[in-house]
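Letter by letter, the chains look like this.
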Amino acid sequence: YGLLMKGLLRANKPGPCLTFFESACSDERTVALTENVQLYTTAISAAAALGDHERALELVSRMNQAGVRPNKKTLTALMGACIAGRKYEAAAEIFSKIKTPDSHAISVGLQALCMSGKLDAAVELINDQRSGQKTLSGKQVMSGFNNLLQSALESGEYDIARETLTSLLQAGYIPSKFTFQAMAEGLNLHRDMPTTAALVKARQQSLPSEGTFEFLLFVLDSLEARKLIVSAEFYSSILVLGAELGGLEMRIASILTRSRKSNSQKEVKLSSDSTDTADSRLILWEELYKNYSTLKEDLGD
């Protein structure tokens, strides 16, 4: 029974998997065989694949009535079902009850913490992985970083998003297309260029929240400092947003475009009022944005 149910689940047939399990449960000749944790866990995983968290909870209740105690894998499957059913608080609560979670449980639990808005707990969990206290693989840690980054940006928690990106880079991970996608979705960025004045006006009513443009410049600075490639789509989103916002943001986007076209360095000479000496250093994009008036006065056009 277990092999057949797992086979159906791997074949992306969760419905037939549950049907087979229920048929075995209703037959007095086979009902005793179904009363084991492995079959119930597979059935709960099938319910999760269907996005039916109520069915998953009902299966856990039946397990308890049958005297079958849920194990770590059962609770992880139940977490997945709650996430699929958008019951994020319930999923996070289930994760808190797993005393010694394995890598899969931690990965799903991290997703539950992010989606339930428990970002501080998610940050702590990620830091545990970086310090080697847990057992996540590099791919799972990267996925956790992406989930946390997107959730923080969706919640407007830019400080946590900055901390997350900085930690990701310091840990030696290179942002993937999924990282850029997570940031774009978390910031509600537009992916296409405006085509008409009417479209621009309509889209301005749903512009990303305040702080978005500054965060994008922070990302650009962080990646440039490590000589990492910024995706063309993500880079263009900075220019599009600057154009849509207008004002200072549009000016910065224009300077950014000219910088890319000329492939010039951002090294400038900052002269002292009292001497003729000058110090050369790089001006970060975020620094230019935050101190534009002062720098313009010092440097001119």
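Residues numbered from 1 in each chain as written. Predicted model: local features only at pLDDT ≥ 70, side-chain atom pairs only at ≥ 80, totals over all residues. Heavy atoms only, no water.

A. A look at helix α14 (residues 212–225). When the terminal C-alpha atoms of α14 are compared, their 20 Å separation across 14 residues agrees well with the 20 Å that a helix rising 1.5 Å per residue should span. Every buried residue belonging to α14 is among T212, F213, F215, L216, L217, F218, V219, L220, D221, S222 and L223, and all of these are buried. (Helix = DSSP H or I, 4+ residues; strand = E, 2+ residues; numbered from the N terminus. Expected span 1.5 Å × (residues − 1). Buried < 20%, exposed > 50% of the residue type's maximum accessible area, 1.4 Å probe, protein only.)

B. Local environment of the pattern of salt bridges. Going through the model one piece at a time under the given rule, you end up with 8 salt bridges. Here R55 ties to E22 by a salt bridge, and the two come within 3.4 Å at their closest N and O atoms. Residue R55 is located in helix α5 (residues 53–65), and its partner E22 is located in helix α2 (residues 14–26); the two are separated by 33 residues in the primary sequence. We note a salt bridge from R29 to D27, for which the minimum N-O separation is 2.9 Å. In this structure, a network of salt bridges that share partners links the residues E22, R55, E58 and R62. (Salt bridge = Lys/Arg side-chain N within 4 Å of Asp/Glu carboxyl O.)

C. Focus on the packing of helix α1 (residues 2–10) against α2. In the contact formed by α1 and α2, the axes pass within 7 Å of each other and the chain directions differ by 160 degrees. When the interaxial angle is binned, α1 and α2 end up roughly antiparallel. In this structure, α1 crosses over α2, and the sense of that crossing is left-handed. Facing α1, whose interface residues are L4, M5, L8 and L9, α2 presents P14, P16, C17, F20 and F21. (Axes fitted to C-alpha atoms, helices over the stretch in contact; angles between N-to-C directions. Parallel < 35°, antiparallel > 145°, perpendicular 65-115°, else oblique. Left-handed = near helix turned anticlockwise from the far one by under 90°. Contact = heavy atoms within 4.5 Å.)

D. Here's a closer look at the packing of aromatic side chains. The final tally for this structure, using the stated rule, is 6 aromatic pairs. Relative to F215, the ring of Y158 lies with its centre 6.0 Å away and its plane at 50 degrees, an arrangement referred to as tilted. A residue pair is termed long-range when its members are at least 10 positions apart, and Y158 in helix α11 (residues 158–170) and F215 in helix α14 qualify at 57 residues. As far as the burial class goes, Y158 and F215 line up, both buried. Their ring planes at 40 degrees and their centres at 5.9 Å tell us that F215 and F218 sit as a pair that is tilted. Residue F215 and its partner F218 are both found in helix α14; the two are separated by 3 residues, about one turn of the helix. F215 sits in the buried class, given a relative accessible area of 1%. On the accessibility criterion, F218 (11% relative accessible area) is buried. Over the aromatic face of F218 sits the side chain of R162, whose NZ or CZ is 4.5 Å from the ring centroid. (Phe/Tyr/Trp six-rings, centres within 6.5 Å; stacked < 30°, edge-to-face > 60°. Lys NZ or Arg CZ within 6 Å of the ring centre and 35° of its normal.)

E. Main features of a negative patch on the surface. A cluster of acidic residues, D120, E124, E157, D159 and E163, forms a negative patch at the surface. Of all elements in the fold, only α9 (119–130) and α11 reach the threshold of two or more residues within the negative patch. Given the relative accessible area of 60%, D120 is considered exposed. (Patch = residues over 30% accessible without salt bridge, like charges linked within 9 Å, V, L, I, M, F, W, Y side chains within 5 Å. Areas by Shrake-Rupley, 256 points an atom, 1.4 Å probe, with all protein chains shown as cover. Lys, Arg positive; Asp, Glu negative; His and termini not counted. Charge placed at Lys NZ, Arg CZ, Asp CG, Glu CD.)

F. Spatial organisation of the confidence of the model for the protein. The predicted model of the protein has a mean per-residue pLDDT of 83, with 84% of residues at 70 or higher. Below pLDDT 50 for its whole length, residues 267–278 participates in 19 contacts with residues either more than four positions away or in separate chains. (pLDDT = per-residue confidence, 0-100.)

G. Inspection of the environment of A105 at higher detail. Note on placement: A105 falls in helix α8 (residues 103–115). For A105, a relative accessible area of 0% puts it in the buried group. Ignoring sequence-local partners within four residues, the contact set of A105 consists of T76, M79, F95 and I98.

H. Structural context of empty space enclosed by the protein. Scanning the model with the defined rule gives 2 cavities of 30 Å³ or more in all. Looking at the largest cavity, its volume works out to about 40 Å³. For the largest cavity, the full set of lining residues is V123, I126, N127, F145, L148, I160, E163, T164 and S167. Of all the secondary-structure elements, those providing two or more residues to the lining of the largest cavity are α9, α10 (138–154) and α11. Looking at the lining of the largest cavity element by element, the count peaks at 4 residues for α11. Partitioned by chemical class, the residues of the lining of the largest cavity number 5 nonpolar, 3 polar and 1 charged. (1 Å grid on protein atoms, 1.4 Å probe; cavity = no way out; pocket = protein on both sides within 12 Å on 5 of 7 lines; lining within 4 Å. Points joined across faces, edges and corners; volume = space filled by probe spheres on them. Nonpolar A, V, L, I, M, F, W, Y, C, P; charged D, E, K, R; others polar.)

I. The packing of α14 against helix α15 (residues 232–245), seen in detail. Packing of α14 against α15 brings their axes to within 10 Å, and their N-to-C directions diverge by 150 degrees. It follows from the interaxial angle that α14 and α15 lie roughly antiparallel. With respect to the hand of their crossing, α14 and α15 are arranged in left-handed fashion. For the pair α14 and α15, the contacting residues are T212, F213, L216, L217, V219 and L220 in the first and F234, I238, L241, G242 and L245 in the second. The residue inventory of the contact of α14 with α15, partitioned by class, reads 9 nonpolar, 2 polar and no charged.

J. Region of interest: α5. When the terminal C-alpha atoms of α5 are compared, their 19 Å separation across 13 residues agrees well with the 18 Å that a helix rising 1.5 Å per residue should span. Residues of α5 that are buried include every one of H53, A56, L59, V60, R62 and M63, and no others. Residues of α5 that are buried sit in contact with α2, α4 (37–49) and α6 (72–84). Count one or two residues on from α5 and you reach G67, which has phi positive near 80 degrees.

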